[in-house]
Amino acid sequence: MDLTTETHAEREHQQAPRRGSPTRPLNRTERAVWLGLLSTHLRLLRTLDAELVSAERLPMSSFEVLLTLAEAPGGRLRMKDIAASLLISRSGLTRIVDDLERQGLAIREKCPTDARGFDAVLTEAGKKAYRRARKVHLTNLRREFLDRLSEEQLASLADIWRTLGFDDGADAC
């Protein structure tokens, strides 16, 4: 076996999914990966939320709804579709949209194609609030996370998310 083949074989072994008993305890590396993911996610969400609330009086959950609406055709989307895309309950989304309505950032309208459903619709004030909040969000996301990683590390993470099937929303933000 030549060096090129050996290196390729080693690389394939490293990229192969791990096998073994699904109930085996986590080893040190697995535990570090899992806890690192959880703590990084929690820290980022807390920081991004605090910065959005401080700068725009808009919690992260509301920003995510505004983002989803801003990216939807015509700034409108079925409530059930927003809840599904954000992985929140319909009642949780209702509370968020109630708050956005009170602020004049979104309104609810009957769905034109299904009288049983409602759409959330981004208002002009909501578009402006989203653009301001987006700047705050991106600035802090880059400072707290993205700018701390090299291009190679970012590419590796993107590959990992693709492998796990979690890159569906890669164009968001």
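As shown above, the structure is provided for reference.
Residues numbered from 1 in each chain as written. Predicted model: local features only at pLDDT ≥ 70, side-chain atom pairs only at ≥ 80, totals over all residues. Heavy atoms only, no water.

Right, let's get into the overall build of the protein chain. Across its full length, the protein chain holds seven helices and three strands. Starting at the N terminus and walking to the C terminus, you meet the elements of the protein chain as α-α-α-β-α-α-β-β-α-α. Once local pairs closer than 6 in sequence are excluded, the contacts in the protein chain between residues at least 24 apart make up 54%. (Helix = DSSP H or I, 4+ residues; strand = E, 2+ residues; numbered from the N terminus. Contact = heavy atoms within 4.5 Å.)

It is worth spelling out helix 5 (residues 90-102) at this point. Helix length check: helix 5, at 13 residues, gives a terminal C-alpha distance of 18 Å against a target of 18 Å (1.5 Å per residue), a fit within 8%. Those residues of helix 5 not exposed but buried are G92, L93, I96, V97 and L100. In an axial view of helix 5, the angular spread of the buried residues amounts to 130°, which keeps them on one side of the axis. Relative to its buried face, helix 5 has exposed residues pointing more than 90 degrees away, namely R95 and R102. Against the buried residues of helix 5 lie helix 3 (60-71), helix 4 (79-86) and strand 2 (106-111). Just beyond helix 5, the residue with positive phi is G104, at close to 80°. (Expected span 1.5 Å × (residues − 1). Buried < 20%, exposed > 50% of the residue type's maximum accessible area, 1.4 Å probe, protein only. Arc of directions from axis to C-beta.)

Turning our attention to the pattern of salt bridges. Applying the stated criterion across every chain yields a total of 14 salt bridges. Among the ionic pairs, D114 bridges to R116, the shortest N-O distance being 3.0 Å. Overall, the relative accessible area of 75% leaves R116 in the exposed class. Between R148 and E144 there is a salt bridge whose closest N-O contact spans 3.7 Å. The class for R148 is exposed, based on a relative accessible area of 54%. Here the salt bridges do not stand alone but share partners, grouping R43, R143, E144 and R148 into one network. (Salt bridge = Lys/Arg side-chain N within 4 Å of Asp/Glu carboxyl O.)

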